[in-house]
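# What the coordinates show
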Amino acid sequence: MNITYYDFKNMPDNEQRSLVMNEGRVMNERTINTIKYVLYEVSQFTVEMIYNTMNNKVEGINVFQNKGAYAV
């Protein structure tokens, strides 16, 4: 899978979530009380999914460009 940061940001929320869960590689995760933060690597950027463990719902999504990958 090779999708750009900008193409991903322009996708509908449900498609973003589906792509991350199906194609993303889990890099890190942590749970604080009832909120679980999972960091995924997707193509050339990183996505943080925020889950509410009480109701098994996605509460939020943050997308980060991996600017360090382009540093010389």
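These remarks concern the structure in this document. Keep in mind the model is a prediction, meaning the values are calculated, not measured.

What the protein contains, in helices and strands, is two helices and four strands. Reading the helices (α) and strands (β) of the protein from amino to carboxyl end gives α-α-β-β-β-β. Seen along its three principal axes, the alpha-carbon backbone of the protein occupies a region of about 40 × 25 × 15 Å. Taking all 72 residues of the protein together, 29% fall into the buried category. Summing over all exposed atoms, the protein offers an accessible surface of approximately 5100 Å²; the carbon and sulfur share of this is 45%.

A few words on the pairing of strand 3 (residues 45-52). It is a general feature of regular strands that their side chains alternate between the two faces of the sheet. Counted residue by residue, strand 3 has eight buried out of eight residues, so it is predominantly covered. Relative to strand 4 (residues 57-65), strand 3 runs antiparallel, the two sharing eight bridges. Residue N52 lies in a different strand from strand 4, and its bridge partner there is K57.

Throughout the structure, instances matching the rule amount to three aromatic pairs. Both rings, one in Y5 and one in Y6, keep their centres 5.2 Å apart while their planes meet at 90°; by these two values the pair is edge-to-face. For Y6, a relative accessible area of 54% translates into the label exposed. Ring geometry for F8 and F45: centres 5.1 Å apart, planes at 45°, overall tilted. In this pair, F8 sits in helix 1 (residues 5-9) while F45 sits in strand 3, placing the two residues 37 residues apart along the sequence. Grouped by ring-pair contacts, the aromatic residues Y5, Y6, F8 and F45 constitute a single cluster. Above the plane of the ring of Y37 lies R30, whose end atom (NZ or CZ) is 5.5 Å from the centre.

Criteria and thresholds
- Residues numbered from 1 in each chain as written.
- Predicted model: local features only at pLDDT ≥ 70, side-chain atom pairs only at ≥ 80, totals over all residues.
- Heavy atoms only, no water.
- Helix = DSSP H or I, 4+ residues; strand = E, 2+ residues; numbered from the N terminus.
- Buried < 20%, exposed > 50% of the residue type's maximum accessible area, 1.4 Å probe, protein only.
- Areas by Shrake-Rupley, 256 points an atom, 1.4 Å probe, with all protein chains shown as cover.
- Pairing = 2+ DSSP bridges.
- Phe/Tyr/Trp six-rings, centres within 6.5 Å; stacked < 30°, edge-to-face > 60°.
- Lys NZ or Arg CZ within 6 Å of the ring centre and 35° of its normal.

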